[in-house]
Amino acid sequence: MSSKDAPPLPEPLRVPVADSHTHLDMQDATVEEGLARAAAVNVTTVIQVGCDVKGSRWAAETAAAHPSVYAAVALHPNEAPRIVHGDPEGWSRQGGREPGGKAALDEALAEIDRLAALDQVRGVGETGLDYFRTGPEGMAAQEESFRAHIEIAKRHGKALVIHDREAHADVLRVLADAGAPERTVFHCYSGDAEMARICADAGYFMSFAGNVTFKNAQPLRDALSVAPVELILVETDAPFLTPAPFRGRPNAPYLIPVTLRAMAEVKGVDEDTLASAINENTARAFDY
């Protein structure tokens, strides 16, 4: 996708807000361009999220170089089985990989642990479970990796950022069993209203992405409507999940206002009130 497909800048927000989850390393613009466009619409802070060792190092370096960026570091749930069992197809942009077994997973987790200690790193994630792409053979590696990330987050006092795809019950089970960190964020919240009540009771943050604007996403809007305002975050997950009416075009942090306005409508509050709450929530979730 070229930048000419990029949606136009929306009307700026009147109240500054944070993008709680983005992947600047996967976007067309340079970091500087991406942050400048975001700032132009009052998206003043972004959380840059790593999905593997290399991406997590990049996130930490980028956050160190830019005061408006904080980092989260992790092995994505789909990365753990690739490390253990190999990745012959080269799915993860790293080319084909041989199986590395448990030793390779331990080595990668040790590097995530090292990065998690850095001051500019405010989250451990995205970690969790993803049953969409991983079959039964990869589930054990995913859960082992998830539990290790929970321990890393607790050890360093960082937020835990969860990727939960088609694995709601198991994610909640592992969190309850291992003991969730003090601050836990469900990135790109994908559960229903009933799960939103469970998350709210546990004090978990729920971060909503552009897919809350999709026509077929009524269950997500129902979840948003019951989620307490003090536990709601907004994110792009850019370059993915571009909000309507720009679905199918590249997403970027500057499109946060589109999603936030749709969320304000669902919540029945004005956008300034919601932006202000979300900005405070994100700072509280990531402790900055």
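Values in this document were obtained by computation on a predicted structure and should not be read as measured data. Every chain is numbered on its own, with residues counted from 1 as its sequence reads. Residue-level local features of this predicted model are given only where pLDDT is at least 70; pairs of side-chain atoms are given and counted only at 80 or more, and the full residue set underlies all totals for whole chains, interfaces and linings. Processing note: side-chain calculations cover all non-hydrogen atoms of the structure and skip hydrogens and water entirely.

## Topic: the overall build of the chain
Step number 1: Labels follow the DSSP assignment, with helices taken as runs of H or I lasting at least four residues and strands as runs of E lasting at least two, numbered in each case from the N terminus. The helix and strand inventory of the chain stands at 10 helices and 8 strands.
Step number 2: Radius of gyration here uses only the C-alpha atoms, and the compact-globule reference equals 2.2 Å multiplied by the residue count raised to the power 0.38. In terms of C-alpha radius of gyration, the chain reaches 18 Å, essentially the compact-globule figure of 19 Å for 288 residues.
Step number 3: By its C-alpha atoms, the chain is 50 × 40 × 35 Å across when sized along the principal axes.
Step number 4: The buried share among the 288 residues of the chain stands at 57%.
Step number 5: A fraction of 72% describes how many contacts in the chain between residues 6 or more apart in sequence connect residues 24 or more apart.
Step number 6: Each accessible area value is a Shrake-Rupley result obtained with a 1.4 Å probe; residue values ignore everything except the protein chains displayed when judging cover. Of the roughly 11,800 Å² of accessible surface on the chain, 52% is carried by carbon and sulfur atoms.
Step number 7: Note that His is not counted, nor are the chain ends; the positive residues are Lys and Arg, and the negative ones are Asp and Glu. Every charge is mapped to an atom, namely NZ of Lys, CZ of Arg, CG of Asp or CD of Glu. Of the charged side chains in the chain, 27 are positive and 42 negative, and the gap between their average positions amounts to 2 Å. To sort residues, take the accessible area from a 1.4 Å probe on protein chains only and compare it with the maximum for the residue type: under 20% means buried, over 50% means exposed, and anything in between is partly exposed. Any two residues having at least one pair of non-hydrogen atoms within 4.5 Å are treated as being in contact.

## A closer look at the layout of surface pockets
Step number 1: Note on definitions: the grid is 1 Å and covers protein atoms alone; a cavity is a set of points where a 1.4 Å probe fits but cannot get out; a pocket is an open set with protein on both sides within 12 Å along at least five of seven lines; lining residues have an atom within 4 Å of a point. Grid points are joined across faces, edges and corners, and a volume is the space filled by probe spheres set on the points. As a volume, the largest pocket reaches approximately 990 Å³.
Step number 2: Taken together, 32 residues line the largest pocket, and the ones lying closest to its centre are H76, R133, H163, R165 and D237.
Step number 3: Elements that contribute at least two residues to the lining of the largest pocket include exactly helix 3 (79–85), strand 4 (121–130), strand 5 (159–165) and helix 8 (218–226).
Step number 4: Per-element accounting of the lining of the largest pocket gives the leading share, 3 residues, to strand 5.
Step number 5: Gly is placed with the polar residues, together with every amino acid not listed as nonpolar (Ala, Val, Leu, Ile, Met, Phe, Trp, Tyr, Cys and Pro) or charged (Asp, Glu, Lys and Arg). Classifying every residue of the lining of the largest pocket gives 10 nonpolar, 10 polar and 12 charged.

## A look at the side chain of S145
Step number 1: Position of S145 relative to the elements: it lies in helix 5 (residues 136–156).
Step number 2: You can call S145 buried: its relative accessible area is 2%.
Step number 3: Excluding residues within four positions of it along the chain, S145 makes contact with L75, A80, L105, L109 and T127.

## Quick word on the packing of aromatic side chains
Step number 1: The criterion for an aromatic pair is that two Phe, Tyr or Trp rings (for Trp, the six-membered ring) have centres within 6.5 Å, with stacked assigned to planes under 30 degrees apart, edge-to-face to planes over 60 apart and tilted to the rest. This model, assessed by the stated rule, comprises 3 aromatic pairs.
Step number 2: On the basis of an interplanar angle of 20° and a centroid distance of 4.6 Å, the ring pair of Y70 and Y288 is categorised as stacked. Of this pair, Y70 sits in strand 3 (residues 69–73) while Y288 sits in the segment after helix 10 (271–286), placing them 218 residues apart in sequence.
Step number 3: Plain terms: the ring middles of F186 and Y204 are 5.7 Å apart, the flat faces sit at 35° to each other, and that makes the pair tilted. Within this pair, whereas F186 is found in strand 6 (residues 184–186), its partner Y204 is found in the loop between helix 7 (193–202) and strand 7 (205–208), the two being separated by 18 residues in sequence.
Step number 4: Above the face of the F132 ring, R165 is positioned so that its terminal group lies 3.6 Å from the ring centre. Only Lys NZ and Arg CZ are tested; either one counts as a charge over a ring when it is within 6 Å of the ring centre and within 35 degrees of the ring normal.

## What about the pattern of salt bridges?
Step number 1: Only one rule defines a salt bridge in this text: a Lys or Arg side-chain nitrogen within 4 Å of an Asp or Glu carboxyl oxygen. Tallied over the entire structure, the rule returns 14 salt bridges.
Step number 2: Several salt bridges share partner residues, and in doing so they unite E143, R147, D170, R173 and D177 into one network.

## What about helix 2 (residues 53–65)?
Step number 1: To estimate the expected span of a helix, subtract one from its residue number and multiply by 1.5 Å. In this model, helix 2 (13 residues) spans 19 Å end to end at C-alpha, consistent with the 18 Å of a helix rising 1.5 Å per residue.
Step number 2: Those residues of helix 2 that fall on the buried side of the exposure criterion are V53, G55, S56, A59, A60, T62 and A63.
Step number 3: Lining the buried residues of helix 2 we find helix 1 (31–40), strand 2 (43–49), strand 3, helix 4 (101–116) and strand 4.

## A closer look at the environment of K158
Step number 1: Secondary-structure assignment places K158 in the loop between helix 5 and strand 5.
Step number 2: When the C-alpha atoms of K158 and E182 are compared, they prove to be 8.4 Å apart, with 24 residues separating the residues in sequence.
Step number 3: Discounting chain neighbours no more than four positions away, the residues touching K158 are A116, A117, L118, V121, R122, G123, V124, A153, P181 and R183.
Step number 4: A polar atom in the side chain of K158 sits 2.7 Å from the backbone oxygen of V121. Two N or O atoms count as a polar contact when they lie within 3.5 Å, although within protein this holds only if one can serve as hydrogen donor and the other as acceptor, and sequence-adjacent residues are included solely when both atoms are side-chain atoms.

## Remarks on the sheet that holds strand 7
Step number 1: Pairing within the open sheet is parallel, and its 8 strands lie in the order 1-2-3-4-5-6-7-8. Of all the strands in the sheet, just strand 1 (17–22) and strand 8 (232–234) have a single pairing partner and so form its edges. Averaged over neighbouring strand pairs, the angle between their axes works out to 30° when direction is ignored.
Step number 2: Two strands pair when backbone bridges link them, and strand 3 and strand 4 are joined in this way by 3 bridges, in the parallel orientation. For A71, the partnering residue across the bridge sits in strand 4 and is V121.
Step number 3: Contacts from helix 2 reach strand 2, strand 3 and strand 4 within the one sheet, and its direction differs from that of strand 3 by about 160°.
Step number 4: Under this scheme, a helix contributes an axis fitted over its contacting stretch, all axes are lines through C-alpha atoms, and angles between N-to-C directions fall in the 0 to 180 degree range. Along the sheet, helix 9 (residues 256–267) contacts strand 1, strand 2, strand 7 and strand 8; its crossing angle with strand 8, the most-contacted strand, is approximately 150°. One bridge is not enough; two strands pair if DSSP finds at least two bridges between them.

Coordinates in, geometry out; function isn't part of it.
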